[in-house]
Amino acid sequence: MRVLVVEDELRMSDLIRQGLEEDGYAVDTVDNGKDVFFWVESTSYDYIVLDIMLPGMDGISVCSKLRKQGYTMNILILTARDAVSDRVSGLDAGADDYLVKPFAIEELTARLRALSRRIGPQKTVTLQVSDLILNTATKRAIRGNREIPTLTSKEYVLLETLMYYPNQVLTREQIIEKVWNWEYESESKLIEVYISSLRKKIDKDSSQKLIQTVRGMGYRISGND
Ligand code: CA
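Residues numbered from 1 in each chain as written. Predicted model: local features only at pLDDT ≥ 70, side-chain atom pairs only at ≥ 80, totals over all residues. Heavy atoms only, no water.

**Some details on the coordination of the calcium ion**
- Note on the calcium ion: its protein donors are D8 (OD), D51 (OD) and M53 (O). The metal-donor distances range over 2.1 to 2.3 Å.
- As a motif over one chain, the donors of the calcium ion read D-x42-D-x1-M.
- Among the residues examined, M53 registers a relative accessible area of 64% and is labelled exposed. (Donors = N, O, S within 2.8 Å, 3.2 Å for Na, K, Ca; no water. Buried < 20%, exposed > 50% of the residue type's maximum accessible area, 1.4 Å probe, protein only.)

**Quick notes on the sheet that holds strand β10 (residues 170-171)**
- Judged by pairing direction, the sheet is antiparallel, and its three strands sit side by side in the order β10-β12-β11 without closing on themselves. Across the chains shown, the open sheet's two edge strands, defined by having one partner strand only, are β10 and β11 (211-214).
- Here helix α6 (residues 153-164) sits on the sheet and contacts β10 and β12 (218-221); the angle it forms with β12, its principal contact strand, is near 75°. (Pairing = 2+ DSSP bridges. Helix = DSSP H or I, 4+ residues; strand = E, 2+ residues; numbered from the N terminus. Contact = heavy atoms within 4.5 Å. Axes fitted to C-alpha atoms, helices over the stretch in contact; angles between N-to-C directions.)

**Overview of the sheet that holds strand β8 (residues 140-143)**
- Ordered by their spatial adjacency, four strands build an open sheet running β6-β7-β8-β9, and the pairing between neighbours is antiparallel. Unpaired on one side and paired on the other, β6 (126-129) and β9 (146-147) mark the two borders of the sheet.
- Pairing between β8 and β9: two bridges, direction antiparallel. Bridge pairing links I142 to E147 in β9.
- With respect to the sheet, α6 is in contact with β6 and β7 (132-135), its orientation differing from that of β7 by roughly 115°.

**A word on the domain arrangement of the chain**
- For the chain, the assigned domains read domain 1 (2-116) and domain 2 (126-221).
- Between domain 1 and domain 2 the total buried area reaches about 800 Å² when both faces are included, carbon and sulfur atoms providing 39% of it.
- When the buried area of domain 1 at its contact with domain 2 is split by residue, R2, E21 and G24 rank highest and sum to 45% of it.
- Viewed at the interface, domain 2 and domain 1 are joined by zero salt bridges. (Domains from an automatic or database assignment. Buried area = accessible area lost by both parts, 1.4 Å probe. Salt bridge = Lys/Arg side-chain N within 4 Å of Asp/Glu carboxyl O.)

**Section: the packing of α6 against helix α7 (residues 172-180)**
- Relative orientation of the contacting elements α6 and α7 amounts to 130°, with a least axis distance of 9 Å. With respect to α7, the axis of α6 lies oblique. The hand of the α6/α7 crossing is right-handed. Contact residues: α6 offers K154, V157, L158, T161 and L162, while α7 offers I175, K178, V179 and W180.
- Residue classes in the contact of α6 with α7 are distributed as six nonpolar, one polar and two charged. (Parallel < 35°, antiparallel > 145°, perpendicular 65-115°, else oblique. Left-handed = near helix turned anticlockwise from the far one by under 90°. Nonpolar A, V, L, I, M, F, W, Y, C, P; charged D, E, K, R; others polar.)

**Focus on the nonpolar core**
- The biggest cluster of nonpolar side chains holds 27 residues, and the ones touching the most others in it are L132, L134, L159, L162, M163, I175 and I221.
- Put simply, the parts of the chain that give this core at least two residues each are β6, β7, α6, α7, α8 (190-202) and β12.
- Ranked by residue count, the leading element in this core is α6, at six residues.
- With residues up to four places along the chain from it excluded, the contact list for I175 reads L158, L162, L170, W180, I191 and Y219.
- Judged by nonpolar contacts, the second largest core, of 21 residues, contains L4, V36, I48 and L66. (Core = buried A, V, L, I, M, F, W, Y, C linked by side-chain atoms within 4.5 Å.)

**Structural notes on the side chain of T79**
- Note that T79 resides in strand β4 (residues 74-79).
- Judged by relative accessible area, which is 1%, T79 ranks as buried.
- Setting aside anything within four residues of it in sequence, one finds T79 in contact with I52, D86, R87, Y98, L99, V100 and K101.

**A short note on the pattern of salt bridges**
- According to the stated counting rule, one finds 15 salt bridges in the structure shown.
- When the shortest N-O distance is used, the salt bridge between E21 and R17 registers 3.2 Å. With E21 and R17 both in helix α1 (residues 10-22) and four residues apart, this pair spans about one turn of that helix.
- Between D203 and R143 there is a salt bridge whose closest N-O contact spans 3.0 Å. With a gap of 60 residues between them, D203 in the loop between α8 and β11 and R143 in strand β8 connect regions that are remote in the sequence. Assigned by exposure class, D203 and R143 land together as buried.
- Through salt bridges with shared partners, a single ionic network connects E7, E9, D51 and K101.

So this is what it looks like as structure tokens:
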């Protein structure tokens, strides 16, 4: 599950990012309203956590413009205490829920979970490649009838990213962009480390290896050899 956090207060934005990442979400952050449109064009988000008081364009206008453009991701707005009119106009503008600042990060993650339940069965919550099935709501994976050991949050996001694009090669740059949000240099051995730990959990006990290295290009997950 991928979240775009739109918040201009850096400390707040960091706290939200940290909390969501610990809960297994992939998180991007922007600090103004206008940049949201650039990000949603290039990346598909399940959620947007949207502050109302923002430079560039306020959260209500961002929300209503996104809906007019046909975006259907869940939008949760952050409002100041007592700003009842903000909540009303936020929901009128197409937000799915709101949270009043200050809030505990657990409350935010609980709200996001509730939203994903509300989406109902039409939204795919399981990804499947061959006999590997990943439940994106519970973050548990099974391979055949074997339960995969609990994935760390980065392992999970990496696996989810690969499984979103079955049979397609993802380059190292694409993987870093999607999983680590450019926090790390692409020269680092980080991807290899995580691919290797994922392989131990996913492929080691199966004769069919799903996680494939494509020399000179990147990685893919596929049921075809
Ligand atoms: Ca703000």
